[in-house]
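# Working through the structure, step by step
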Amino acid sequence: MGCGGSKDAPARTVQAMESDAQGRQASERERLMEEGKPKEATTVKASQPLIAKSGNKDTQKIIDKIQNGEDFETNKWRCLHSPDFAYYGLSPFAQLEVEIVEARKLIPSVTSGFESYVGDEPDGFVKVFVDDTFKYSTRCINNDRNPKWQDQRRVVDIVADRSIVRLHVYDSDSTDNSTLIDPIGFVEFCIGDIPFDHDIEGWLELRFPGNLQGYNTDRYAEHMAMREEERGTHMPTTRLGKDKGKEADKNDKNAKNSKKDDVPEVVEPADLYKVEAQVIRESVANRMFKRLRRAGTKANPNADAPPNTQFNAGEIHVKLKLVRCVSENTALFAKALVPSCTSFASFIQEEFLPKLDVQELLDDTLDLKIEIVDEMLFAVYAFTCYVLAWRSIIVSGLLFIAVLSGVKSSMLVYAFWHLWMAMILVLLKFDNWRLPMTTNGQNAPLNEEGFRFVARCRDVYEMHAYLLRMIASRSGSINSMQELLHFSGTIVQGDGELSVTFDELLKALRDLWFLEFPKGVTHLEVNSLVRVHDRRRGTVTKIETNRKVPASSPHRQQIHVLFDEEGSATMDSTLDGVYDDWDVSLRPSVPAIPRFLVPQTILSLVATLQLEVDTYKKTILPVADSIREFFRWRKPKWMALVLSLLLFRSYVSFEGFLDENSWCHFALKVMTVIRNVVVGVLIIVVLFGQARIWKVGRGLVMLAVNKISENRKAPTCWAFYKDHTEAYFAKKKAE
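Residue numbers here run from 1 along each chain, matching the order of that chain's written sequence. Restriction of local features to residues with pLDDT of at least 70 applies here, the model being predicted, together with a cutoff of 80 or more for giving and counting side-chain atom pairs; totals for whole chains, interfaces and linings are based on all residues. To obtain the side-chain values, all non-hydrogen atoms of the structure were used and water was disregarded.

Below, the discussion takes up the overall build of the protein chain. Across its full length, the protein chain carries 23 helices and 24 strands. Think of it in three bands: residues with accessible area under 20% of the maximum for their type are buried, residues over 50% are exposed, and the middle band is partly exposed, with areas taken using a 1.4 Å probe on protein chains only. Looking at the 735 residues of the protein chain, the share that counts as buried comes to 45%. Only heavy atoms enter the contact rule, under which two residues are in contact if any of them lie within 4.5 Å. Sequence-distant contacts, at least 24 apart, represent 72% of the contacts inside the protein chain between residues at least 6 apart. A helix here means a DSSP run of H or I that spans at least four residues, while a strand means a run of E at least two residues long, and both kinds are numbered starting from the N terminus.

So, in structure tokens, the structure goes:
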């Protein structure tokens, strides 16, 4: 027994050791797996969470998981190396306490002909937005231009120090304030101007809804510097009763019957407001309010305002207080964040319009097409054809010599090539050289000069393209494209010579059997949407006929045009002008469609296209304008610098070819090194522009700049602010 026991003991010990080893290995694997798992981040619940529409608790839990932000104090360094991600993913660094008390002098709501006749008091409520993102809304007060909400103090989360808060007052025609709402007015302010732990109470001026254009930072800077009542964009607010309305109608009829041509028509305040309200809600909103704001910047803007006129959308009484959620040092990281925002440039409150108006979208798209395709791509194509067709012996001949000189020496190639580029830059300074080199049937002006430029191309298809543009600009239609192509080939004679003028050609086109044009003296009428010289867009305001000029003359009809926007640097910057009938062409117009007839998918697609087109217009067009300014010698200093470098490079290459021991060889090596360094820096910027180290450096710079320029002096820096004890007209309008 003893011996047997002594033999079994070692065996059991080995088994126990193996079991313990396996247990330790399993524990180690579990520990490593636990360490490999990402630790659950500490999140902070949003003060104004998104609410599931269905009210489902499980769905609400999912939304809360997505929306809750990670602790700002713990993840503050993310503001530097991942600022975009940090803005959306972090908890607030501060909270804004907002208490909306009341409003006064809200503009009345006029959304129909009946309401403009009997008047309507607004059913007002307020929506609060942070960086154009909705946070919460107040209750609705019915039929009151001076509503008292007495809303309880609420808290709004603030992640970025430069966030913009918007208080937007609406008029509700529904029970839940989600549909059938019309904008009344809004006010915006920046968090970066509000001091911490300081109570602010007062009246904030409400801007007219048409001012909700562009980006919130631009709107805030504009309103912070000048009140609406000082700007002078007026909105008469007289409410008409039924009897008063009838009396006004009679007066209007009598006035029309007795009115003479030289006496201007007097418009009643209510009529003015009715026109304004239609502009806001039905069509051409962006175009009209741009003009109203430009008119308001003139001297004495409210000197001739009619009685009972209100120069803002009202005022709103609020109480504000900004409180930090993190330490003072940690709050500095919020200065490195760039808030998100939405551009309302060409679609003012499109979701509240009863009709889908895509005219601005179409116009902006055509602006991109004209500026990028016509003015740049077609110009490059025309120049290429100009060189390859040997329409200039000097231009094409020097380029041929540069190519041919490569057989002899690469130094000669560089010499002639840089000399050729310098010559082209010099020629572009003169219109009589630049226009023929960069003009074809796709971008030539629709006048006598453009007609002759196209003729010099000696290309049937270029003339055909030019005729198509002529016909479209006069609202014509084509019954036979082949007949038009054949007619295009018969216009030019000899070596690009013409036997008819532009006016004679247009007169002949009107009498061809395969073309149809609108009947009448002119294809235009008042309020027609047009383009001048096939470029700038505007609206016809007046048409004058000079009886002393023959009917066939292009100077008989004088067209008054009010432009939608100021011209670019390469265009005339005037806002209106008078032009001959031939210089003004109709632009494509799209009728407004009732929104209930448009599928939701189309509405979403239009909204997406509006954002994209507006973004492209703001980013691409300025670059295109700068490029055109450079080649047209609008920036002579830069052009002189480039021209000097090209001529010096050409001279050095010629000298180096003639003398192998010349200093020019050393100069060429230095220029090659400089060129390689510049190209290398550009490549590094492109490759590492989105790298974390680059973002950290950029974030530190932004943090330092914002800290140095910090100016938390609200509300004294707000022109739109009044103390809560001041009356409505306590602040005088600008003289």
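Strand order in this open sheet of five strands is β6-β3-β12-β9-β24, and the pairing throughout is antiparallel. The open sheet has two edge strands with one neighbour each: β6 (154-158) and β24 (721-723). Within this sheet the neighbouring strands show an average axis-to-axis angle of 40 degrees, counted without direction. Bridge count between strand β3 (residues 94-104) and β6: five bridges; the pairing is antiparallel. From the neighbouring strand, E97 faces β6, where its bridge partner is V155. Two strands are said to pair when DSSP picks up at least two bridges between them. Axis lines are fitted through C-alpha atoms, for helices just across the contact stretch, and the angle between N-to-C directions can take any value from 0 to 180 degrees.

Of note, S488 is situated in helix α18 (residues 481-489). When residues no more than four places from it in sequence are discounted, the contact partners of S488 are V460, M463, H464 and L467.

Time to look at the environment of G689. For G689, the location among the structural elements is in the loop between α22 (664-688) and α23 (692-708). Discounting chain neighbours no more than four positions away, the residues touching G689 are I684 and W694.

Let us now look at unusual backbone geometry. Cis peptide bonds are those with omega within 30 degrees of zero, and the linkage from A714 to P715 qualifies with 5 degrees. Phi at D132 takes a positive value of approximately 65 degrees, unusual for a residue other than glycine. Within the fold, D132 resides in the loop between β4 (124-130) and β5 (133-137). For D132, a relative accessible area of 14% translates into the label buried.

Our next topic: the sheet that holds β5. Spatial ordering of the open sheet is given by β5-β4-β7-β8, a layout of four strands whose pairing is antiparallel. Two strands bound the open sheet, and with one partner strand each, they are β5 and β8 (181-190). Mean inter-strand twist for the sheet, computed between neighbouring axes without regard to direction, equals 25 degrees. Sheet topology note: the strand β7 (residues 164-172)/β8 ladder contains nine bridges and is antiparallel. Bridge pairing in β8 links V169 to G185. The strands that helix α6 (residues 216-225) touches are β7 and β8; relative to β8, the one it contacts most, it runs at about 80 degrees.

One finds L96, F189, L204, I316 and W718 to be the most contacted residues of the largest nonpolar core, which totals 56 residues. Ranked by the residues each element gives to this core, the list is headed by β3, at five residues. Ignoring sequence-local partners within four residues, the contact set of L204 consists of L167, V187, F189, G314, E315, I316, V318, W718, F720 and Y721. V454, L467, M470 and L484 belong to the second largest nonpolar core, which has 23 residues in total. To form a nonpolar core, buried Ala, Val, Leu, Ile, Met, Phe, Trp, Tyr and Cys residues must be joined to one another through side-chain atoms within 4.5 Å.

This next bit is on the pairing of β7. Across the nine residues that make up β7, a large majority, nine, are buried. Here β7 shows two buried faces, one formed by I164, R166, H168, Y170 and S172 and the other by V165, L167, V169 and D171.

What follows deals with the packing of aromatic side chains. Each pair of aromatic rings taken from Phe, Tyr and Trp, with Trp reduced to its six-membered ring, is defined by centres within 6.5 Å and is described as stacked if the planes are under 30 degrees apart, edge-to-face if over 60, and tilted in the remaining cases. Evaluated as defined, the whole model comprises 17 aromatic pairs. Taking 5.5 Å as the distance between ring centres and 40 degrees as the angle between the ring planes, the aromatic pair formed by F189 and W718 counts as tilted. With a gap of 529 residues between them, F189 in strand β8 and W718 in the loop between α23 and β24 connect regions that are remote in the sequence. What makes F189 buried here is its relative accessible area of 0%. With a centroid separation of 6.2 Å and 15 degrees between ring planes, the pair formed by F451 and Y466 is classed as stacked. Here F451, found in helix α16 (residues 448-456), pairs with Y466, found in helix α17 (residues 460-473); they are 15 residues apart in sequence, far enough to count as distant. The two residues F451 and Y466 agree in class, both being buried. Clustering of aromatic rings is evident, with ring pairs tying together F72, F93 and F196. Two conditions define a charge sitting above a ring: the NZ of Lys or the CZ of Arg must be within 6 Å of the ring centre, and it must be within 35 degrees of the ring normal. A cation over a ring is seen here: K722 above Y728, with NZ or CZ 5.5 Å from the ring centre.

Our next topic: a nonpolar patch on the surface. Each patch is assembled from residues with relative accessible area greater than 30% and no salt bridge, linking like charges that lie within 9 Å and nonpolar side chains (Val, Leu, Ile, Met, Phe, Trp, Tyr) that lie within 5 Å. What sets the accessible areas is the Shrake-Rupley method with a 1.4 Å probe; for residues, cover comes only from the shown protein chains. The salt bridge definition used is simple: a Lys or Arg side-chain nitrogen within 4 Å of an Asp or Glu carboxyl oxygen. Taken together, the side chains of W390, I393, F400, I401, L404 and V407 define a hydrophobic patch exposed on the protein surface, amounting to about 660 Å² of accessible area. By the element assignment, I401 lies in helix α13 (residues 393-404). Note on I401: relative accessible area 40%, which makes it partly exposed.

Now for α18. For α18, the set of buried residues is L484, F487 and S488. Along the axis of α18, the buried residues cluster in a sector spanning 105 degrees; they form a single face. Seen from the open side of α18, the exposed residues pointing more than 90 degrees away from its buried face are Q482 and H486. Where α18 is buried, its residues contact α17, β14 (477-478) and α19 (502-509). What the arc describes is the spread of directions from the helix axis to the C-beta atoms.

Counted under the stated rule, the structure contains 32 salt bridges. One salt bridge connects E315 with R227, and the closest N-O pair in it is separated by 3.1 Å. With E315 in strand β12 (residues 315-324) and R227 in the loop between α6 and α7 (228-231), this pair connects stretches of sequence that are 88 residues apart. For E315, a relative accessible area of 0% puts it in the buried group. Classification of R227 as buried rests on a relative accessible area of 0%. Overlapping salt bridges, with partners in common, bring together D363, D364, D367, R531, R537, R587 and K617 in one network.

Turning our attention to α16. Listing the buried residues of α16 in full gives G450, F451, F453, V454 and A455. Here the buried face of α16 lies against α15 (431-438), α17, β15 (492-493), β16 (497-498) and α19. Distance and chemistry together define a polar contact, namely a pair of N or O atoms within 3.5 Å, with one atom able to donate a hydrogen and the other to accept it when in protein, and with adjacent residues in sequence counting only for side-chain atoms on both sides. Structurally, the start of α16 carries an N-cap: the backbone nitrogen of E449 is 3.2 Å from a side-chain oxygen of N447.

Right, let's talk about the packing of α17 against α18 for a bit. Relative orientation of the contacting elements α17 and α18 amounts to 120 degrees, with a least axis distance of 8 Å. Our classification of the angle between α17 and α18 gives oblique. You can see that α17 and α18 cross each other, and the crossing is right-handed. Contacts between α17 and α18 pair V460, Y461, M463, H464, L467, L468 and I471 from the former with M481, L484, L485, F487, S488 and G489 from the latter. Angles below 35 degrees are treated as roughly parallel, those above 145 as roughly antiparallel, those between 65 and 115 as roughly perpendicular, and all remaining angles as oblique. For any helix crossing, the convention is left-handed if the near helix is rotated counterclockwise from the far helix by under a right angle, and right-handed if that rotation is clockwise.

Turning our eyes to something else, we now look at the packing of α17 against α19. Their axes nearest at 11 Å, the elements α17 and α19 cross at an angle of 70 degrees. In terms of axis orientation, α17 runs roughly perpendicular to α19. Facing α17, whose interface residues are Y466, L467 and M470, α19 presents F502, L505, L506 and L509.

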